[in-house]
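Here's the letter readout for the chains.
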Number of protein chains: 2
Amino acid sequence: MITRLCVIGVGLIGGSLARALRQAGCVEEVVGCSRNAAHLQRAVELGVIDRFETDPALAVRGADMVFVAVPLGAMRAVFAAIAPALAREAVVTDGGSAKASVVADLNDAVGETPAWFVPGHPIAGIERSGVEASFAALYRDRRVILTPLPETSASAVGKVRRMWEAVGATVNEMSLAHHDEVLAATSHLPHVLAFALVESLARKDEQREIFAYAAGGFRDFTRIASSDPVMWRDICLANGPAILSMIERFEQDVAGLARAIEAGDGDRLLAIFRDAKAARDAFAG
Amino acid sequence: MITRLCVIGVGLIGGSLARALRQAGCVEEVVGCSRNAAHLQRAVELGVIDRFETDPALAVRGADMVFVAVPLGAMRAVFAAIAPALAREAVVTDGGSAKASVVADLNDAVGETPAWFVPGHPIAGIERSGVEASFAALYRDRRVILTPLPETSASAVGKVRRMWEAVGATVNEMSLAHHDEVLAATSHLPHVLAFALVESLARKDEQREIFAYAAGGFRDFTRIASSDPVMWRDICLANGPAILSMIERFEQDVAGLARAIEAGDGDRLLAIFRDAKAARDAFAG
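A quick note: this is a predicted structure, and the numbers were derived from the prediction, not measured. (Residues numbered from 1 in each chain as written. Chains lettered and ligands numbered in written order. Predicted model: local features only at pLDDT ≥ 70, side-chain atom pairs only at ≥ 80, totals over all residues.)

## Structural notes on the overall build of chain A
- Across its full length, chain A holds 11 helices and 9 strands.
- The C-alpha radius of gyration of chain A comes to 21 Å, within 12% of the 19 Å expected for a compact globule of 285 residues.
- Seen through its C-alpha atoms, chain A measures out along the principal axes to roughly 65 × 40 × 35 Å.
- Looking at chain A as a whole, 52% of its 285 residues are labelled buried.
- Considering only residue pairs separated by 6 or more positions, chain A has 77% of its internal contacts joining residues 24 or more positions apart. (Helix = DSSP H or I, 4+ residues; strand = E, 2+ residues; numbered from the N terminus. Rg over C-alpha atoms; globule rule 2.2 N^0.38 Å. Buried ≥ 20, exposed ≤ 12 C-beta atoms within 10 Å, placed from the backbone. Contact = placed C-beta atoms within 7 Å.)

Written out as structure tokens, the structure reads:
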């Protein structure tokens, strides 16, 4: 049971956790925080939070659990503001899509690796954003990755794990570096490719006639290019090395495929497409 | 009204046209043809076709409309078989995803560019295939592109256009080359990228642990990698030059994006992502 949850950044991710914990009966009070009071007032009206503060240091006062769900580019300033104001028993976790950069920002802001911070990442994004899009079932049957450090308190990890399990998620632990590599492969690279493809076509064809002939497959493939540009800029800056390494690997594989097309090598193409279909069908169940 | 429709290749595309024309009351008799009699018997049981022949020359006898819906790699042999057996008034069209190669195969098989052939492409694929997946509404509100040549009979084009309009599609005409370029951009390139990405990840991670952390965005992005590998091999071989040109263009754009990530150029990344989101939201809206 959480006595007072403080959610910093009351959007889809933060708002959905608040809703879900409330629905599960696992939280007594929810305090929201962001820079926009009108936005926070809307969250109160929606029943997502009980009250709000626009100053993070005031917002975390007396909270036993703090969830930081701001864009990666805003993490450092939040950590600097809340660290001196945290209650003694407070546990802090976050929802950032890249973990090494969050820990670096925290260490930079606090001057050490604190025991009370549990780096976390709920793998549950959708293209919509904002508190209006939040809903209690967002994390049900989803995965949450925690990347605790040697300095992280085991009891803090346990509290964060139980919080996510209470809202229906499956929790896995892995290293920071492995998380950032896995997410670069399964999330960051596909988003970069989808943005790049749509932008490439839009620039090629000023009249955008080309999109009129795009069928369902193209819609699915490019849906993630509707995601929040600021969030994805921050992710690219925060997880640059892992993303660049995945891009390089992918470029080599596409170049290999292009060589097979150029050579008219039907057997090679068929082998690649069959392997891909088998892997896709297996993971999609 | 079509008196006798002959569908060569009774799968999703051919089967759905037969079902739709029958539902619209626009066809009297449907004759199916493929190499597999058991498969054709199933199509009769499903009510998709009235009877069948496994020899294309027998199947087209007396048909006033012939729809060739076989993989691109099988077009040439079908054209060679049917050309001498067509009724005088017969109109032939096809459903191939690349048009220059179909016309080249036809010319090669027949020795000329016949007036009776209308190259066509219904933009309505889904990942499933086979006659069991066929349904009458597949072409409703979809686009069909016709790419008639100077030699093509205007009345043949009119008949094919009316057939597609009768099943709810919107028909556009364009040149062969423009069709192949547009489809390379909106369909062939995305499929190649999705296949390449999934195969790349599957090869990188033998245990496929990585896929466990793939969220909805990844599922959408890679759905088209579940498409039929043989069909896509044929498309890559048939539309190679246009696909290679799109891959090259795309590789340059991804390289530019990678440079922006490497340089930590947040403004450039944001501009690319914003343009892409605007274009995606506009066409999907």
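## Topic: unusual backbone geometry
- Phi at D141 of chain A takes a positive value of approximately 60°, unusual for a residue other than glycine.
- You can see D141 of chain A is positioned in the loop between strand 7 (120-123) and strand 8 (143-146).

## A few points about helix 5 (residues 100-110) of chain A
All names here are of chain A.
- Taken residue by residue, helix 5 has S101, V102, V103, D105 and L106 as its buried positions.
- Lining the buried residues of helix 5 we find helix 4 (75-82), strand 5 (91-94), strand 6 (117-118), helix 7 (176-204) and helix 9 (229-238).
- Directly after helix 5, the chain includes G111, whose backbone phi takes a positive value near 85°.

## Regarding the pairing of strand 2 (residues 27-33) of chain A
Residue and element names in this part refer to chain A.
- Where burial is concerned, most of strand 2 is hidden: 5 out of the 7 residues are buried.
- Pairing analysis gives 6 bridges linking strand 1 (residues 2-8) to strand 2, with the strands arranged parallel. Within strand 2, the residue paired with I2 across the bridge is V27.
- One ladder, built from 3 bridges, connects strand 2 with strand 3 (residues 51-53); its direction is parallel. (Pairing = 2+ DSSP bridges.)

## Focus on the sheet that holds strand 9 (residues 170-173) of chain A
All names here are of chain A.
- The strand order across the open sheet built from 3 strands is 7-8-9, with neighbouring strands paired in mixed fashion. Each of the sheet's edge strands pairs with one partner strand only, and the pair in question is strand 7 and strand 9. Each strand axis lies, on average, 20° off the axis of its neighbour in the sheet, ignoring direction.
- Two elements, strand 8 and strand 9, share 4 bridges in a ladder whose sense is parallel. Looking across to strand 9, one finds that I145 is bridged to N172.
- Lying over the sheet, helix 6 (residues 154-166) contacts strand 7, strand 8 and strand 9, oriented at roughly 170° with respect to strand 8. (Axes fitted to C-alpha atoms, helices over the stretch in contact; angles between N-to-C directions.)

## Considering the confidence of the model for chain A
- Looking at chain A as a whole, the pLDDT averages 94, with 98% of positions reaching at least 70.
- Overall fold confidence for the complex sits at a pTM of 0.88, while the interface term, ipTM, reaches 0.88. (pLDDT = per-residue confidence, 0-100.)

## Side note on the domain arrangement of chain A
Residues and elements named next belong to chain A.
- Its domain assignment divides chain A into domain 1 (2-174) and domain 2 (178-284).
- One C-alpha centre belongs to domain 1, the other to domain 2; they are set 31 Å apart.
- At the interface, 14 residues of domain 1 touch 16 residues of domain 2.
- Residues belonging to the side of domain 1 that touches domain 2 are distributed by class as follows: 6 nonpolar, 6 polar and 2 charged. (Domains from an automatic or database assignment. Nonpolar A, V, L, I, M, F, W, Y, C, P; charged D, E, K, R; others polar.)

## Concerning the interface of chain A and chain B
- Every contact between the two is made by 75 residues of chain A and, on the other side, 75 residues of chain B.
- Taken together, the elements giving at least two residues each to the side of chain A that touches chain B come down to strand 8, helix 7, helix 8 (216-222), helix 9, helix 10 (240-262) and helix 11 (266-284) of chain A.
- Here the side of chain A that touches chain B takes 17 residues from helix 7 of chain A, the largest share from any one element.
- Its residues assigned to classes, the side of chain A that touches chain B shows 47 nonpolar, 12 polar and 16 charged.

## Thoughts on the relation of the copies chain A and chain B
- Between chain A and chain B, which share one sequence, the superposing operator has a rotation angle of 180° and an axial displacement of 0.0 Å; the RMSD is 0.0 Å. Both chain copies can therefore be described as sitting about a two-fold axis. Ranked by how close their C-alpha atoms come to the rotation axis, the residues of chain A are headed by F221 of chain A, at 2.0 Å.
- The share of interface residues of chain A whose copies in chain B are also at the interface is 100%, consistent with both copies meeting through the same surface. (Least-squares fit on C-alpha atoms with pLDDT ≥ 70 in both.)

## Digging into the nonpolar core
- Ranked by size, the top nonpolar core spans 198 residues in total, and within it L5, V7 and V66 of chain A together with L5, V7 and V66 of chain B carry the most contacts.
- Every residue in contact with V7 of chain A, bar those within four places of it in the chain, is listed here: G14, L17, A18, V30, G32, I49, F67 and A69 of chain A. (Core = buried A, V, L, I, M, F, W, Y, C linked by C-beta atoms within 7 Å.)

## Looking at the environment of R76 of chain B
All names here are of chain B.
- Tracing the backbone shows R76 in helix 4 (residues 75-82).
- Since 17 C-beta atoms lie within 10 Å of it, R76 is described here as partly exposed.
- Sequence separation of R76 and S175 is 99 residues, and the distance between their C-alpha atoms is 21 Å.
- R76 has contacts with D105, D108 and A109, leaving out every residue within four places of it along the chain.

## Observations concerning the packing of helix 4 of chain B against helix 5 (residues 100-110) of chain B
All names here are of chain B.
- Close contact between helix 4 and helix 5 brings their axes to 8 Å; oriented N to C, the two are set at 40°. Regarding the angle of helix 4 to helix 5, the classification is oblique. By crossing handedness, the relation of helix 4 to helix 5 is classed as right-handed. In contact with M75, R76, F79 and A80 of helix 4, helix 5 contributes V102, D105, L106, D108, A109 and V110.
- Of the residues that constitute the contact of helix 4 with helix 5, the class distribution is 7 nonpolar, no polar and 3 charged. (Parallel < 35°, antiparallel > 145°, perpendicular 65-115°, else oblique. Left-handed = near helix turned anticlockwise from the far one by under 90°.)

## Observations regarding the sheet that holds strand 1 (residues 2-8) of chain B
Residues and elements named next belong to chain B.
- On the basis of which strands lie adjacent, the open sheet formed by 6 strands has the order 3-2-1-4-5-6 and parallel pairing. One side of each edge strand has no neighbouring strand; the edge strands of this open sheet are strand 3 (51-53) and strand 6 (117-118).
- Relative to strand 6, strand 5 (residues 91-94) runs parallel, the two sharing 2 bridges. Bridge pairing in strand 6 links V92 to F117.
- Against the sheet, helix 6 (residues 154-166) engages strand 1, strand 4 (65-68), strand 5 and strand 6, with an angle of about 55° to strand 5.

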